Amino acid sequence: YGVCENLRKLEITGVSCRDVYAKLLHRYRHILGLWQPDIGPYGGLLNVVVDGLFIIGWMYLPPHDPHVDDPMRFKPLFRIHLMERKSATVECMYGHKGPHNGHIQVVKKDEFSTKCNQTDHHRMAGGRQEEFRTWLREEWGRTLEDIFHEHMQELILMKFIYTSQYDNCLTYRRIYLPPSRPGDLIKPGLFKGTYGSHGLEIVMLSFHGHRARGTKITGDPNIPAGQQTVEIDLRYRIPLPDVENLRNFNELSRIVLEVGEQVRQEQQQEADEGPALAQEQPAREAEAVPAEDSRKPEDGAAAAEQAAQSGKGQPFVLPMGVSSRNEDYPRTCRMCFYGTGLIAGHGFTSPERTPGVFVLFDEDRFGFIWLELKSFSLYSRVQAAFRNADAPSPQAFDEMLKNIQSLTS
């Protein structure tokens, strides 16, 4: 468990190594790792770790909008430790009045719940107004007066009202980091991404043969946590025009929609002709795009590596009229692929996948241009090491993705 505390410190507290192992580490071993809380559409990322003689549940939060390259923030939600030889003590860390009495229950395999037994510790002297302003500073790094966009104010207030009602009484479901394979375009993992008025959200990038998927770990009332926000078809490279023509949104849109039509036709043909033609499919798909712009699925990583080693990259600029929360995006990219992004109305109504462009900048950053929304999302890798987070098998990871998606479908 990585515990390397001074044994003399243990002796002073009157707790033996056996007590630490049997009553703390072994008893709560099943809650170590990464978890997603059930907070309606918002989700979250909890990392439960052994820290000295404590087990601590840290909630990981994206940096303040729109600073996507900043490090993650984190705050403790609960801790478990041995106060005496009898049993481990669970304490809620929510609020601003210090640790207080809490409870943890392992509901079933890969699921546990927390409960605060003293929710009065979460209240502030100034009432809900003071609680809201404190939450706003922590969550967004600003005051409500700083946010002039009325729709954003509504979204922020809605999130506060919804999330604060739980009072740290939550159910968590285990999530795994995506498995890495030699042919992956880049290393899969967790990324912070910009989502317009919703602020920054956490997305998990994973690879599945010739497809890459971005799954929301945190979400919003439009596209909830657990849903697949973007899907990229790595068989279809998007040949970007030169910088001057790239500024023309209609030109980029024309190129993407042409590729999208090729994808649609081949999917239709595959459905009509059945699985008998499945073996011939890779060769035909590679011919769908001009040879100089195409890459077979297994060539994606090699192409990315070749572009990186050449050190050249391709000039990149957002088309006129495409909005971006963060104007500090890279001005060169390695390559682009055809993809689709999930959009929906409030409450996840009328969801549909719409065409877009996946832009690979480097090993740690990518972007997505949402054609229909005329919007750009920038994603930056979460630079954190997580223990006890690897999936026992690729099948277990795929099953986990299905489970978290089904909760909000």
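For the structure, see preceding data.
Residues numbered from 1 in each chain as written. Predicted model: local features only at pLDDT ≥ 70, side-chain atom pairs only at ≥ 80, totals over all residues. Heavy atoms only, no water.

## Quick word on the overall build of the protein chain
Here is step 1: If you tally the helices and strands in the protein chain, you get nine helices and 19 strands.
Here is step 2: Going through the 409 residues of the protein chain one by one, you find that 50% of them count as buried.
Here is step 3: Taking the contacts inside the protein chain whose residues are at least 6 apart along the sequence as the reference set, 58% of them involve residues at least 24 apart.
Here is step 4: Surface accessibility of the protein chain: about 19700 Å² in total, with carbon and sulfur atoms responsible for 50%. (Helix = DSSP H or I, 4+ residues; strand = E, 2+ residues; numbered from the N terminus. Buried < 20%, exposed > 50% of the residue type's maximum accessible area, 1.4 Å probe, protein only. Contact = heavy atoms within 4.5 Å. Areas by Shrake-Rupley, 256 points an atom, 1.4 Å probe, with all protein chains shown as cover.)

## So, the sheet that holds strand β8 (residues 170-174)
Here is step 1: Spatial strand order, β1-β2-β3-β4-β5-β6-β7-β8: eight strands in a closed barrel with antiparallel pairing. Mean inter-strand twist for the sheet, computed between neighbouring axes without regard to direction, equals 35°.
Here is step 2: Relative to strand β3 (residues 54-61), strand β2 (residues 45-51) is paired through seven bridges, and the arrangement is antiparallel. Its bridge partner being in β3, L46 is matched across the sheet by M59. (Pairing = 2+ DSSP bridges. Axes fitted to C-alpha atoms, helices over the stretch in contact; angles between N-to-C directions.)

## Notes on the side chain of N168
Here is step 1: Within the fold, N168 resides in the loop between α4 (150-164) and β8.
Here is step 2: Judged by its relative accessible area of 6%, N168 is buried.
Here is step 3: A polar contact of 3.0 Å, which involves the side chain of N168, links it to the backbone oxygen of L77.
Here is step 4: With residues near it in sequence (within four places) discarded, N168 still touches L77, C92, Y94, T114, K115, C116 and H122. (Polar contact = N/O pair within 3.5 Å; in protein donor to acceptor, adjacent residues only side chain to side chain.)

## Focus on a nonpolar patch on the surface
Here is step 1: Where nonpolar side chains cluster on the molecular surface, the patch consists of Y1, V3 and Y21 and spans about 270 Å² of accessible area.
Here is step 2: Summarising the element assignment, Y1 is placed in the segment before α1 (7-13).
Here is step 3: Taking the relative accessible area as the measure of exposure, Y1 reaches 37% and is therefore partly exposed. (Patch = residues over 30% accessible without salt bridge, like charges linked within 9 Å, V, L, I, M, F, W, Y side chains within 5 Å. Salt bridge = Lys/Arg side-chain N within 4 Å of Asp/Glu carboxyl O.)

## Some remarks on helix α6 (residues 249-273)
Here is step 1: If you check α6, its first and last C-alpha atoms are 36 Å apart, about what 25 residues at 1.5 Å a residue would give, namely 36 Å.
Here is step 2: Looking at α6, one finds that the buried residues are F249, L252, S253, I255, V256, V259, G260, V263 and E266.
Here is step 3: Of the residues one or two after α6, G274 is the one with positive phi, at around 80°. (Expected span 1.5 Å × (residues − 1).)

## A word on the packing of aromatic side chains
Here is step 1: Evaluation of the coordinates by the stated rule reveals 24 aromatic pairs.
Here is step 2: Ring centres 5.5 Å apart and planes at 75° place the aromatic pair F316 and F361 in the edge-to-face group. In this pair, F316 sits in the loop between β13 (314-315) and β14 (323-324) while F361 sits in strand β17 (residues 349-362), placing the two residues 45 residues apart along the sequence.
Here is step 3: Here F361 falls in the buried class, since its relative accessible area comes to 6%.
Here is step 4: Linked through ring pairs, F191, Y195, F337, F358, F366, F368, W370 and Y379 together constitute an aromatic cluster.
Here is step 5: Over the ring of Y195 we find K216, and its NZ or CZ is 4.3 Å from the ring centre.
Here is step 6: One cation-aromatic arrangement involves R237 over F337; the distance from NZ or CZ to the ring centre is 5.9 Å. (Phe/Tyr/Trp six-rings, centres within 6.5 Å; stacked < 30°, edge-to-face > 60°. Lys NZ or Arg CZ within 6 Å of the ring centre and 35° of its normal.)

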